Amino acid sequence: MALKIAIGSDHAGFELKEEIKKILKEKGYEFTDFGAKSLDPQDDYPEYGKKVAEAVSSGKYDRGIAICGTGIGISIAANKVPNIRASVAYNTEMAKISRLHNDANVLALGGRVKTQEPISDILTVWLETPFSGDERHKRRINQIKEIEKSKSDVKC
Ligand code: RB5
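Quick caveat: nothing in here was measured; it's all calculated off a predicted structure. (Residues numbered from 1 in each chain as written. Predicted model: local features only at pLDDT ≥ 70, side-chain atom pairs only at ≥ 80, totals over all residues. Heavy atoms only, no water.)

### Thoughts on the nonpolar core
- By size, the foremost hydrophobic cluster in this structure holds 20 residues, and its most contacted members are Ile 20, Leu 24, Ile 65, Leu 109, Leu 123 and Leu 127.
- For this core, the secondary structure elements donating two or more residues are strand S1 (4-9), helix H1 (14-27), strand S3 (63-68), strand S5 (106-110) and helix H5 (119-128).
- Sorting elements by how many residues they give to this core places H5 first, with five residues.
- In contact with Ile 65, not counting residues within four places along its chain, are Ile 5, Ala 6, Ile 7, Gly 8, Ile 20, Leu 24, Val 52, Leu 107, Leu 109, Leu 123 and Trp 126.
- One finds Ala 6, Ala 55, Val 81 and Ala 108 within the second-largest nonpolar core, a separate group that totals 18 residues. (Core = buried A, V, L, I, M, F, W, Y, C linked by side-chain atoms within 4.5 Å. Buried < 20%, exposed > 50% of the residue type's maximum accessible area, 1.4 Å probe, protein only. Helix = DSSP H or I, 4+ residues; strand = E, 2+ residues; numbered from the N terminus. Contact = heavy atoms within 4.5 Å.)

Below, the structure written as structure tokens:
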């Protein structure tokens, strides 16, 4: 079944988001853009990390793509949402491992980061690589879920 993708960025990731949308369109992926809509510096990464992450966590979308200047801030924000495993991937190897080992459901990218490989390659590998399903990786992901559960009643 075709993947449904939620995509979003802050102002620093806006241009890369637009580029990625073109690639997704060319490749025939179904996606929804959760903003930002411009280069306005008021568009902060936590808001868009949350929107993308909640879209995936709700089950309405299979995967998310979240972009800020580095991919770091927006991945930190996305990872605060239950069931989200957001990973930065600056090359195809990181993209592949984040899927095979971590079953990452949000790909975080940086609009201000120069990658040595084309973004379309990183994207394709990330979208097309399945989770390995290996017991050891399942075990570790379950350990992450346990941390999530144990912290759900922590007051901030
Ligand atoms: C915004 O200037 C920048 O700090 C943000 O996009 C991101 O790189 C944070 O991690």
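### Overview of the packing of helix H4 (residues 92-100) against H5
- Packing of H4 against H5 leaves a shortest axis separation of 8 Å and a crossing angle of 15°. The orientation of H4 relative to H5 falls into the category roughly parallel. The two elements H4 and H5 meet at a crossing, and its hand is right-handed. Of the residues in H5, those in contact with Thr 92, Ala 95, Lys 96, Ser 98 and Arg 99 of H4 are Asp 121, Ile 122, Val 125 and Trp 126.
- Among the residues forming the contact of H4 with H5, the class breakdown is four nonpolar, two polar and three charged. (Axes fitted to C-alpha atoms, helices over the stretch in contact; angles between N-to-C directions. Parallel < 35°, antiparallel > 145°, perpendicular 65-115°, else oblique. Left-handed = near helix turned anticlockwise from the far one by under 90°. Nonpolar A, V, L, I, M, F, W, Y, C, P; charged D, E, K, R; others polar.)

### Observations regarding the site of the ligand
- Taken together, Asp 10, His 11, Ala 12, Tyr 45, Cys 68, Gly 69, Thr 70, Gly 73 and Arg 112 are the residues near the ligand.
- Between Asp 10 and the ligand, the recorded distance is 2.6 Å, taken from a side-chain N or O atom to an oxygen atom.
- Between the ligand and Thr 70 there is a distance of 3.1 Å, counted from an oxygen atom to a backbone nitrogen or oxygen.
- Notes on the ligand: free accessible area 300 Å², of which the protein chains cover 71%.
- By residue class, the composition of the shell around the ligand is three nonpolar, four polar and two charged. (Near = heavy atom within 4 Å. Polar contact = N/O pair within 3.5 Å; in protein donor to acceptor, adjacent residues only side chain to side chain. Areas by Shrake-Rupley, 256 points an atom, 1.4 Å probe, with all protein chains shown as cover.)

### Here's the deal with unusual backbone geometry
- The step from Gly 35 to Ala 36 runs through a cis peptide bond, and the omega angle for that step is 5°.
- Mapping Ala 36 onto the fold places it in the loop between strand S2 (30-33) and helix H2 (45-57).
- Despite not being glycine, Asn 83 shows a phi value in the positive range, around 75°.
- Following the sequence through the fold, Asn 83 ends up in the loop between helix H3 (72-78) and strand S4 (86-88).
- The exposure class assigned to Asn 83 is partly exposed, which follows from its relative accessible area of 41%.
- In this structure, Asp 103 takes a positive phi of about 50° despite not being glycine.
- Tracing the chain through its elements places Asp 103 in the loop between H4 and S5.

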